[in-house]
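Overview (structure and organization)
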Amino acid sequence: MRIAVIGSGGREHAIAWKLAQSIDKNKIFCLPGNGGTWNNVPVKADDFAGIEKFCNQNKVELIVVGPEVPLAKGIADYFAESDIRVFGPSKDAARLESSKIWAKKFMKKYGVATADFWMLEDGDDIEQVIDETDGNVVVKYDGLAAGKGVFVCGNRQEAYDALEELKNRYGETAPFFIEQKFSGQELSIIGFTDGKNFRLLQPSQDHKPAFDGDKGPNTGGMGAYCPVPVCNEDLLKQIQEAIVLPTLRGIQNEQLNYHGVIYFGLMLTEEGPKLLEYNVRFGDPETEVILPALKTDLLTLIRASLDETLDRVAVEFNDGYFVDVVLASGGYPGSYEKGKVITGLDDVSEDTLLFHAGTEREGNRIVTSGGRVLNVVARADTLAEAIDKAYREAAKISFENMYYRKDIGKKGLTS
Ligand code: GLY
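One structure accompanies this document, and this report is about it. (Residues numbered from 1 in each chain as written. Predicted model: local features only at pLDDT ≥ 70, side-chain atom pairs only at ≥ 80, totals over all residues. Heavy atoms only, no water.)

Each helix and strand counted, the protein chain has 13 helices and 22 strands in total. The C-alpha atoms of the protein chain give 21 Å as radius of gyration, which agrees with the globular expectation for 415 residues (22 Å, within 12%). For the protein chain, restricting intrachain contacts to residue pairs at least 6 apart in sequence, the fraction spanning at least 24 positions comes to 67%. Of the roughly 17700 Å² of accessible surface on the protein chain, a fraction of 44% belongs to carbon and sulfur atoms. A gap of 4 Å separates the mean positions of the 47 positive and 63 negative side-chain charges of the protein chain. (Helix = DSSP H or I, 4+ residues; strand = E, 2+ residues; numbered from the N terminus. Rg over C-alpha atoms; globule rule 2.2 N^0.38 Å. Contact = heavy atoms within 4.5 Å. Areas by Shrake-Rupley, 256 points an atom, 1.4 Å probe, with all protein chains shown as cover. Lys, Arg positive; Asp, Glu negative; His and termini not counted. Charge placed at Lys NZ, Arg CZ, Asp CG, Glu CD.)

In this section: the packing of aromatic side chains. Counted under the stated rule, the structure contains 16 aromatic pairs. Taking the centre distance of 3.7 Å and the plane angle of 5° together, the rings of Y141 and Y170 count as stacked. In this pair, Y141 sits in strand β6 (residues 137-141) while Y170 sits in helix α8 (residues 156-170), placing the two residues 29 residues apart along the sequence. A relative accessible area of 28% means that Y170 is categorised as partly exposed. Members of the aromatic cluster, joined through ring pairs, are W102, F106, Y110, F198, F264 and Y278. (Phe/Tyr/Trp six-rings, centres within 6.5 Å; stacked < 30°, edge-to-face > 60°. Buried < 20%, exposed > 50% of the residue type's maximum accessible area, 1.4 Å probe, protein only.)

The pairing of strands in a sheet comes from backbone hydrogen bonds and takes either a parallel or an antiparallel form. Read across the open sheet, the 4 strands follow the order β10-β9-β15-β16; overall the sheet is antiparallel. Every other strand in the sheet has two partners, leaving β10 (198-200) and β16 (272-279) as the edge strands with one partner each. Each neighbouring strand pair of the sheet contributes to a mean axis angle of 35°, computed without reference to strand direction. With 7 bridges joining them, strand β15 (residues 260-269) and β16 adopt antiparallel strand pairing. In the strand pairing of β16, L268 is matched with P273. (Pairing = 2+ DSSP bridges. Axes fitted to C-alpha atoms, helices over the stretch in contact; angles between N-to-C directions.)

Note that soluble globular proteins tend to have their nonpolar side chains buried in a common cluster. Core analysis: the biggest nonpolar cluster contains 75 residues, and I51, I63, F264 and Y278 have the highest contact counts within it. Setting aside residues up to four positions removed in sequence, I51 forms contacts with I6, L31, V43, K44, A45, I63, I75 and F79. Ranked by size, the runner-up nonpolar core spans 37 residues in total, among them F192, C226, L291 and V313. (Core = buried A, V, L, I, M, F, W, Y, C linked by side-chain atoms within 4.5 Å.)

Another aspect to go through is the side chain of T114. Summarising the element assignment, T114 is placed in the loop between α6 (100-109) and β5 (117-118). In this structure the side chain of T114 is engaged in a polar contact, spanning 2.8 Å, whose partner is the side chain of K104. Ignoring sequence-local partners within four residues, the contact set of T114 consists of K104, M107, E179, K274 and L275. (Polar contact = N/O pair within 3.5 Å; in protein donor to acceptor, adjacent residues only side chain to side chain.)

The subject of this paragraph is the site of the ligand. By nearness alone, every residue bordering the ligand is listed as D206, K208, Y263, N279, R281, G283, D284 and E286. Between the ligand and D284 there is a distance of 3.0 Å, counted from an oxygen atom to a backbone nitrogen or oxygen. Separating a nitrogen atom of the ligand from a side-chain N or O atom of E286 is a distance of 2.7 Å. Alone, the ligand offers 200 Å² of accessible surface; in the complex the protein occludes 89% of this. (Near = heavy atom within 4 Å.)

A few words on helix α1 (residues 10-19). With 9 of its 10 residues buried, α1 lies for the most part within the structure. Among the residues making up α1, those that are buried are G10, R11, E12, H13, A14, I15, A16, K18 and L19.

If you want it as structure tokens, here you go:
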């Protein structure tokens, strides 16, 4: 079998790396890939005709989609009539991520534990809600916004500023809603579904803010770890019952064509776990730890999702803890310079994984080409050791203006 992995981040490098444990790596193609991947093909993730042409010419039978945009644009529907199979949900099903309003209504309809919400189209008085809550709300834009459509507000002024910002960015009639604000730790539960069954991977935790102590602007994710000690068996059971199973009922009832990965972005609140959002794909950087932690063959899980036989596959995990420290370009998530030569990659110990993200090859050198540049992933028997090891290895790498958070995984040591 020949496989095309769509996307260019650390997530896609990790997917290709894991697939290379199932089949000869020469049969895996990365479209467009990055400086760490191989068989790179310069076709954009949403260029469906370009992907089709490459797959036909190279006898690719399976497309594994990393990012959300091609799924939201209907890559699974585009190939529905062809012999090439796409691992990922249909455009309709991808609304769980691409329309936050649609997803919120889905959650309500199927009794998924989530925060209360108010929206104009339901006749709710938004100003009244902001006044009554003193602006302690979350304002969410409906569409895909690359992590920039969520505003966590602490007073009325912030809530009104968020509404203004949405209008400036997306127009006077930008669709949005307001959500009850909770506090607590966030948790990512990511699994496979064939539309009838789920298989969940290890619970993981992302670190979205740029700086230590969850300070600074939100990024795509500055690091992750798994498993998460606070997510014990009892909590996992609650999450299954309050969130995962109602979602599965909804997918079935709405007859969504869903053969892919589903991501539950949760908050652990005093009222129990609440679903903040769905994503219809692997998380980034969570994938860089949950795939190394997965013992079961990835291709087996993908095939079973496509064949609707997930109930026959047992998921097993590797022992220990996995920690990913993201090395980023100075200035990210704002503007940053590219083309910085990366040194020290060959000094990293062999049992540490390096998943490239914003890198490219320039002759014999690897240079930066994005905000999140590299993922340094270490495994150890304890979380503390895995953290230490990831930082020891990360310190061997450098490029001009490199920065990284120094507290990845710390929450897992205290909870
Ligand atoms: N880690 C967050 C995301 O993938 O959306």
